[in-house]
Amino acid sequence: MEIICASNVFTFVLFNGFTCIQWTILIIARPRFSCNHEHHNVHFIDNIVNKFLVPLAVPLLLFDSDLNRVISDTGTLLTAFFVGAISTIIATLITFPLVPLKSLGHDQGWRVACALAARHIGGAINFVAVADTLNVSGGAVSAAIAADNVVVAVYFAFLFYLAKAGDEHESAAENIKDIDSAENEIIDLIQDPESMGSSNNKSEITMPSIGVSVAVSSCLVTLGGILTKLLLPKGTSSLPLTSILTVMSATAFPKFFSKIRTAGAAVGILFIQMFFAASGASGSIGLVIKSAPSLFLFSSLQIGIHFAILMGLGRFVLRLKKNELYLASNACVGGPTTAAAMAQAKEWPRS
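Residues numbered from 1 in each chain as written. Predicted model: local features only at pLDDT ≥ 70, side-chain atom pairs only at ≥ 80, totals over all residues. Heavy atoms only, no water.

### As for the confidence of the model for the protein
Rules: Residue-level confidence of the predictor is what pLDDT reports, using numbers from 0 through 100. When checking whether two residues touch, look at their non-hydrogen atoms; a contact exists if any pair is within 4.5 Å.
Mean pLDDT for the protein: 78, with 73% of residues reaching 70 or above. Predicted confidence is poor over residues 1-38, with pLDDT under 50, and the contacts of this stretch with residues over four places away or in other chains come to 57 contacts. For residues 189-201, every residue scores under 50 in pLDDT, and the model assigns this stretch 19 contacts once sequence neighbours within four places are set aside.

Now the structure itself:
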């Protein structure tokens with residue numbers, strides 16, 4: 001009972017305390033704004049978040065990446081997603097020469113372009129991983145997220161307008177059953193904390209599951225770091241190899257990782273929120289205002305070209321259904337959570 005009560009408290013803090021955590025980081029980092037010569041606190045927080053929390057967040061959010069289940073359950077939706085990912089890459093290559101993002105500062109434009117491309121192939125975790133790997137400045141991260149969020153919100157409204165509710169009983173409705181599994185479990189636990197003690201829930205957020213998930217993530221990060229030093233050139237980020245190791249492990253031991261995937265996703269989301277908070281604390285409002293027009297234009301053009309290529313290849317070459325393509329585009333630009341929300345809002349039933 002003590003463990004269940006403790007996990008209830010943790011869940012409340014976890015999902016209702018994001019704002020508190022962000023304000024705490026901002027308060028600690030206040031010398032950055034009040035005294036220009038006192039940068040120690042904000043740099044200390046940046047180092048902690050980037051060196052420890054971001055590497056831990058990547059495996060935590062990949063515990064649900066069992067490739068066998070992904071391939072068997074997603075069907076043609078997986079093909080649509082691949083087309084969407086390729087469309088984003090092509091769109092970025094076309095957009096960056098037109099909008100080089102020089103307002104972000106020297107040698108930052110191409111880094112932000114790569115991070116935004118990664119974000120539009122799966123969501124925020126990809127943005128965080130690439131931004132950390134390429135050492136994107138905190139100010140550039142804040143500006144890019146602020147501008148891109150507005151463009152993405154408008155794009156989601158556009159997709160919702162195009163998609164038809166329950167249209168043609170398309171296979172996208174049948175394939176959506178697992179794309180949001182971890183996210184839905186987290187939401188269910190927030191809405192009904194009493195269900196944490198239920199034995200019917202295969203993946204619960206409990207203190208033991210949190211501890212195991214963080215421990216497993218730590219082991220994967222450590223192993224990824226060792227292999228990176230042994231196999232790759234000096235200075236290479238360990239995140240790519242860590243991600244590969246996590247996917248391989250989740251595929252090889254699906255039953256084990258299914259028991260900790262909900263707790264892992266919850267803690268991973270918390271760490272990602274802390275990354276954005278720390279980046280905002282070290283950012284510059286002036287840079288956001290100065291770079292906003294070019295970032296708005298870049299994101300708009302990038303997503304627009306992504307949609308045009310996706311629909312062209314998907315509809316006229318591969319003959320995929322429209323709702324599958326809309327859903328795949330949503331998954332690319334926003335991630336699995338927004339894709340699941342779209343499928344549920346359009347009443348595409350889960351099999």
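### Some details on the pattern of salt bridges
Let me state the cut-off plainly: For salt bridges, the criterion is a side-chain nitrogen of Lys or Arg within 4 Å of an Asp or Glu carboxyl oxygen. Per-residue accessibility, obtained with a 1.4 Å probe over protein chains only, is compared with the maximum for each type, and a residue is labelled buried under 20%, exposed over 50%, and partly exposed between these values.
According to the stated counting rule, one finds four salt bridges in the structure shown. Taking the shortest distance from any N to any O, the salt bridge between R111 and D107 comes out at 2.6 Å. By relative accessible area, which is 34% here, D107 ends up partly exposed. Connected via shared salt-bridge partners are D64, R69 and R261.

### Observations regarding the environment of P97
Filter applied, for reference: Elements are defined by DSSP. Helices are runs of H or I of four residues or more, strands are runs of E of two residues or more, and each kind is numbered from the N terminus.
The residue P97 is located in helix α6 (residues 76-98) in this model. Expressed as a C-alpha distance, the spacing of P97 and W110, which sit 13 residues apart in the sequence, is 9.8 Å.

### Points about unusual backbone geometry
In this structure, D107 takes a positive phi of about 65 degrees despite not being glycine. Non-glycine residue N135 carries a positive phi angle of around 55 degrees. Along the polypeptide, N135 turns up in the loop between α8 (124-133) and α9 (138-162). The class for N135 is exposed, based on a relative accessible area of 58%.

### Concerning the packing of aromatic side chains
The line we're drawing: What counts as a ring pair is set by centres within 6.5 Å for rings of Phe, Tyr and Trp (its six-membered ring), and what kind of pair is set by the plane angle: stacked under 30 degrees, edge-to-face over 60, tilted for all other angles.
This structure, assessed with the given rule, holds five aromatic pairs. These aromatic residues form a ring-pair network of at least three members: F63, F256 and F257.

### A short note on the side chain of D66
As a reminder, the rule being used: Under this rule, positive means Lys or Arg and negative means Asp or Glu; His and the chain ends count for nothing. Whenever a nitrogen or oxygen atom comes within 3.5 Å of another N or O atom, the pair is scored as a polar contact, on the condition that within protein one atom can donate a hydrogen and the other can accept it, and that pairs from neighbouring residues in sequence are kept only if both atoms are in side chains.
Position of D66 among the secondary structure elements: in the loop between α4 (40-60) and α5 (67-74). Put simply, D66 is tucked away with no salt bridge, and the nearest opposite charge, on R69, sits 4.5 Å away. At a separation of 3.2 Å, a polar atom in the side chain of D66 contacts the main-chain amide nitrogen of N68.

### Looking at the nonpolar core
Put simply, the test is: The criterion is simple. A nonpolar core is a set of buried Ala, Val, Leu, Ile, Met, Phe, Trp, Tyr and Cys residues joined through side-chain atoms within 4.5 Å.
Counting residues in each nonpolar core, the largest one holds 49 residues, and the members touching the most others are L101, V112, F127, F271 and L295. Residue assignment for this core shows that the elements contributing at least two residues are α4, α7 (109-119), α8, α9, α12 (207-231), α13 (239-252), α14 (254-281) and α15 (285-317). With residues near it in sequence (within four places) discarded, F127 still touches A115, L116, A118, R119, V141, A144, I145 and F276.

### Considering a positive patch on the surface
Using the following cut-off: For patch building, the residue pool is restricted to those with more than 30% relative accessible area and no salt bridge; the joining distance is 9 Å between like charges and 5 Å between nonpolar side chains (Val, Leu, Ile, Met, Phe, Trp, Tyr). Here the accessible surface of atoms and residues is derived via Shrake-Rupley with a 1.4 Å probe, and residues count as covered only by protein chains that are part of the display. For this purpose, a charge sits on NZ of Lys, CZ of Arg, CG of Asp or CD of Glu.
A contiguous patch of positive charge, built from K164, R315, R319 and K322, is present on the exposed surface. Within the secondary structure, R319 is located in the loop between α15 and α16 (322-334).

### Some thoughts on the packing of α7 against α9
Our working definition: Axes here mean lines fitted to C-alpha atoms, for a helix over just the part in contact, with angles spanning 0 to 180 degrees between N-to-C directions. These descriptions rest on fixed angle ranges, namely under 35 degrees for roughly parallel, over 145 for roughly antiparallel, 65 to 115 for roughly perpendicular, and the rest for oblique. Handedness of each helix crossing follows the sense of rotation of the near helix against the far helix: counterclockwise by less than a right angle gives left-handed, clockwise gives right-handed. Each residue gets one label: Ala, Val, Leu, Ile, Met, Phe, Trp, Tyr, Cys and Pro are nonpolar, Asp, Glu, Lys and Arg are charged, and the others, such as Gly, are polar.
The interhelical angle for the contact between α7 and α9, taken along N-to-C directions, is 45 degrees, at an axis separation of 11 Å. With respect to their mutual orientation, α7 and α9 come out oblique. Crossing of α7 against α9: the hand is right-handed. Residues V112, L116 and R119 of α7 touch α9, and the partners they reach there are A140, A144, I145, D148 and N149. Grouping the constituent residues of the contact of α7 with α9 by class yields five nonpolar, one polar and two charged.

### Things to note about the environment of L241
Along the chain, L241 falls in helix α13. Judged by relative accessible area, L241 falls into the buried class, the value being 18%. If we ignore the near neighbours within four places in the chain, the residues touching L241 are G224, L227, T228 and L232.

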